[in-house]
Amino acid sequence: MSDELHPKKQKAKPPPKPGSKRYQELQKSLKSSKSGPNDSEQSRDPQTMLRKVDWTRTEWGMVLVLQFDSSNSLKSCLGRPHVHYEGGELNGPLRGVNFPTESFLNWVASMPDGESALTIQESYILQLVRIGPSLSENAITQPTSTDDLVATRLNELDQPNYIVGAMSGDSTTLYHEYLHARFFLDSTYRAKCEDLWSTLPPQVRVDVGKELGLRGYQPDKYADEFQAYLVAEGPREFGKKWADTLSICTGTAKSWAGQPLSFKS
């Protein structure tokens, strides 16, 4: 047999030593492939990614509601702060996100190189958070500089308390994410939903909890996820078995939740 048919095995290279240049390059490559936007998305003007921007004011806080033209745009603008808040990593297309503004600002502050490490899309979201709704639409969509806009904001109360995002046209997901904002910011609503969850018939709560667990949620998030799915998606979200029982809860929860005018067609 010739050596061409049975080539000699080459020795595998040993793994790079932690701290070495090859190790740092490998880590950078892995991090970029997992969470970073691709080159084409990274170069896009963030204004072209956003279909609608709303600052929804309520008695319990202000929510920045962002609607995007695609899942890729949503990921480019909010994917990394979403992972920072939720933990883990992205699996599959991103449909919706929600997190407190404080979490977003903490994520920005945690960047080793500060704001210079943000993509242009992430920087634009930071700009929207900072200027709030106090300026005109033209000032928002055609800024002169971030520093000028920050300096002219009226006060800290004009900053949103929470950020939610979804794809334009997906009103169900957008409403679902908004309900997480309501649960987080409104202590009265949160207490009602927690009571609703805890007073479900035991077997209903067990079965719904199992379903939420299969979706990757931890028990301390069950009440929050239950209310969001129940109100936005409806009682059949957890299967046919308990749909009739949960339909009564749905009506009750919807009466508490309401719906922002900007979400209605």
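Let me begin by describing the structure that accompanies this report.

## Some points on the overall build of the protein
Phase 1 of the analysis: Counting secondary structure elements, the protein contains 13 helices and four strands.
Phase 2 of the analysis: The buried share of the protein, taken over its 265 residues, is 40%.
Phase 3 of the analysis: Considering only contacts in the protein between residues 6 or more positions apart, those separated by 24 or more positions represent 58%.
Phase 4 of the analysis: Surface exposure of the protein reaches about 15300 Å², of which carbon and sulfur atoms provide 50%.

## Focus: the packing of helix α9 (residues 171–185) against helix α12 (residues 222–232)
Phase 1 of the analysis: Running from N to C, α9 and α12 point in directions that differ by 140 degrees, and their axes come no closer than 9 Å. Regarding the angle of α9 to α12, the classification is oblique. The hand of the α9/α12 crossing is right-handed. Taken together, the residues of α12 that come into contact with α9 (itself represented by Thr-172, Tyr-175, His-176, Leu-179, His-180 and Phe-183) are Ala-223, Asp-224, Glu-225, Gln-227, Ala-228, Tyr-229, Val-231 and Ala-232.
Phase 2 of the analysis: Classifying every residue of the contact of α9 with α12 by side-chain character gives eight nonpolar, four polar and two charged.

## Brief notes about the packing of α12 against helix α13 (residues 243–257)
Phase 1 of the analysis: For the pair α12 and α13, the least separation of the axes is 9 Å and the interaxial angle reads 95 degrees. Between α12 and α13, the crossing angle belongs to the class labelled roughly perpendicular. Residues Phe-226, Leu-230 and Val-231 of α12 pack against Leu-246, Cys-249, Thr-250, Ala-253, Lys-254 and Ala-257 of α13.
Phase 2 of the analysis: In the contact of α12 with α13, the residues fall into seven nonpolar, one polar and one charged.

## Some remarks on the pairing of strand β4 (residues 162–167)
Phase 1 of the analysis: Within β4, five of the six residues are buried, which leaves the element mostly enclosed by the surrounding structure.
Phase 2 of the analysis: Here six bridges tie strand β2 (residues 61–68) to β4, and the two strands are oriented parallel to one another. Along β4, the bridge assignment pairs Leu-66 with Gly-165.
Phase 3 of the analysis: Where strand β3 (residues 96–100) lies against β4, five bridges are found, and the strand directions are antiparallel. Residue pairing in the sheet places Gly-96 in a bridge with Ala-166 of β4.

## Quick word on the packing of aromatic side chains
Phase 1 of the analysis: Enumeration according to the criterion identifies nine aromatic pairs in this entry.
Phase 2 of the analysis: Each ring, one from Phe-99 and one from Phe-104, has its centre 6.2 Å from the other, and the planes form 15 degrees; the classification is stacked.
Phase 3 of the analysis: Classification of Phe-99 by relative accessible area gives buried; the value is 0%.
Phase 4 of the analysis: Measuring from centroid to centroid gives 6.1 Å for Tyr-229 and Phe-238, while their planes differ by 80 degrees, and the two rings are edge-to-face. For the pair formed by Tyr-229 and Phe-238, the shared burial category is buried.
Phase 5 of the analysis: Cation over ring: Arg-215 sits above Tyr-229, and NZ or CZ is 4.7 Å from the ring centre.

## A look at the sheet that holds strand β1 (residues 50–58)
Phase 1 of the analysis: The four strands are arranged β1-β2-β4-β3 in an open sheet whose pairing can be described as mixed. The open sheet has two edge strands with one neighbour each: β1 and β3. Adjacent strand axes in the sheet meet at a mean angle of 15 degrees, parallel and antiparallel pairs treated alike.
Phase 2 of the analysis: Sheet topology note: the β1/β2 ladder contains eight bridges and is antiparallel. Across the sheet, residue Asp-54 finds its bridge partner in β2, namely Val-65.
Phase 3 of the analysis: Running at roughly 170 degrees to β4, α9 makes contact with β1, β2, β3 and β4 of the sheet.

Cut-offs and rules
Residues numbered from 1 in each chain as written. Predicted model: local features only at pLDDT ≥ 70, side-chain atom pairs only at ≥ 80, totals over all residues. Heavy atoms only, no water. Helix = DSSP H or I, 4+ residues; strand = E, 2+ residues; numbered from the N terminus. Buried < 20%, exposed > 50% of the residue type's maximum accessible area, 1.4 Å probe, protein only. Contact = heavy atoms within 4.5 Å. Areas by Shrake-Rupley, 256 points an atom, 1.4 Å probe, with all protein chains shown as cover. Axes fitted to C-alpha atoms, helices over the stretch in contact; angles between N-to-C directions. Parallel < 35°, antiparallel > 145°, perpendicular 65-115°, else oblique. Left-handed = near helix turned anticlockwise from the far one by under 90°. Nonpolar A, V, L, I, M, F, W, Y, C, P; charged D, E, K, R; others polar. Pairing = 2+ DSSP bridges. Phe/Tyr/Trp six-rings, centres within 6.5 Å; stacked < 30°, edge-to-face > 60°. Lys NZ or Arg CZ within 6 Å of the ring centre and 35° of its normal.

The values reported here are purely geometric and, on their own, carry no functional implication.
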